[in-house]
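A structural walkthrough
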Amino acid sequence: MGAAIADAYLAAPVRDERARAAYAAFCRETVQQYAFLVGRVEFGGLGVTVRIVDADPYPDAGSMVADVRRRRLKVWASAATGNPHPCLSDEENDMFRAVHDVFGHAATGRGFDRHGEEAAWLKHSAMYSRLAGRALATETRGQNCARVYHYPAGHFPEQKAVLLPRAFSDPRRVWNASAERRVTPAR
């Protein structure tokens with residue numbers, strides 16, 4: 001399925017106006033998650049200090065998780081990557097990177113390989129509405145699959161503001177497919 005997701009992502013235009021509402025919801029919900037992430041503990045926030053840096057700050061997810069446990073996080077600046085987002089500002093994209101690292105990767109304890117990215121997408125998708133989740137799938141699952149299946153040297157594909165087909169962006173379908181595999185008796 002990963003190769004099919006990658007192909008769908010790469011075949012899509014850079015921006016599709018039909019994705020506008022999903023990206024608007026995604027942006028609003030990301031900003032809310034970010035406010036919770038950096039909000040003061042005494043007011044119900046997590047109190048994480050986020051620092052935007054010009055280079056990839058972590059050699060592995062374990063280093064990032066260790067920082068999060070100390071209520072700090074470094075995020076590789078969107079502006080430093082040379083890969084601008086067609087719909088989000090650099091600041092909004094940096095906020096997304098922060099919340100995805102904490103609520104996706106740190107929450108699952110999984111790394112940045114293809115399996116860790118999939119687990120992070122599934123975990124983080126529970127924090128988004130269905131509409132915003134469509135954009136989340138493009139931002140995480142679509143980009144990651146394109147990177148894994150078409151850019152093996154670690155190069156990231158061009159960022160896009162599009163919607164993947166529902167079969168690739170609905171986490172319930174992944175859970176249902178996994179459950180069917182688990183309960184299907186061997187013959």
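The structure under discussion appears in the preceding block.
Quantities reported herein were computed from a predicted structural model and do not represent experimental measurements. (Residues numbered from 1 in each chain as written. Predicted model: local features only at pLDDT ≥ 70, side-chain atom pairs only at ≥ 80, totals over all residues. Heavy atoms only, no water.)

**Digging into the overall build of the chain**
Scanning the chain from N- to C-terminus turns up nine helices and two strands. The order of helices and strands in the chain, counted from the N terminus, is α-α-β-α-β-α-α-α-α-α-α. Whereas a compact globule of 187 residues would reach a radius of gyration of roughly 16 Å, the chain reaches 16 Å, a difference of no more than 12%. Viewed in the frame of its principal axes, the chain has a C-alpha envelope of about 55 × 40 × 35 Å. For the chain, with 187 residues in total, the buried portion stands at 45%. Counted over contacts in the chain with a minimum sequence separation of 6, partners at least 24 positions apart contribute 67%. (Helix = DSSP H or I, 4+ residues; strand = E, 2+ residues; numbered from the N terminus. Rg over C-alpha atoms; globule rule 2.2 N^0.38 Å. Buried < 20%, exposed > 50% of the residue type's maximum accessible area, 1.4 Å probe, protein only. Contact = heavy atoms within 4.5 Å.)

**A look at helix H7 (residues 130-150)**
Here H7 spans 28 Å end to end across 21 residues, near enough to the 30 Å set by a 1.5 Å rise per residue. With 16 of 21 residues buried, H7 lies mostly within the body of the structure. (Expected span 1.5 Å × (residues − 1).)

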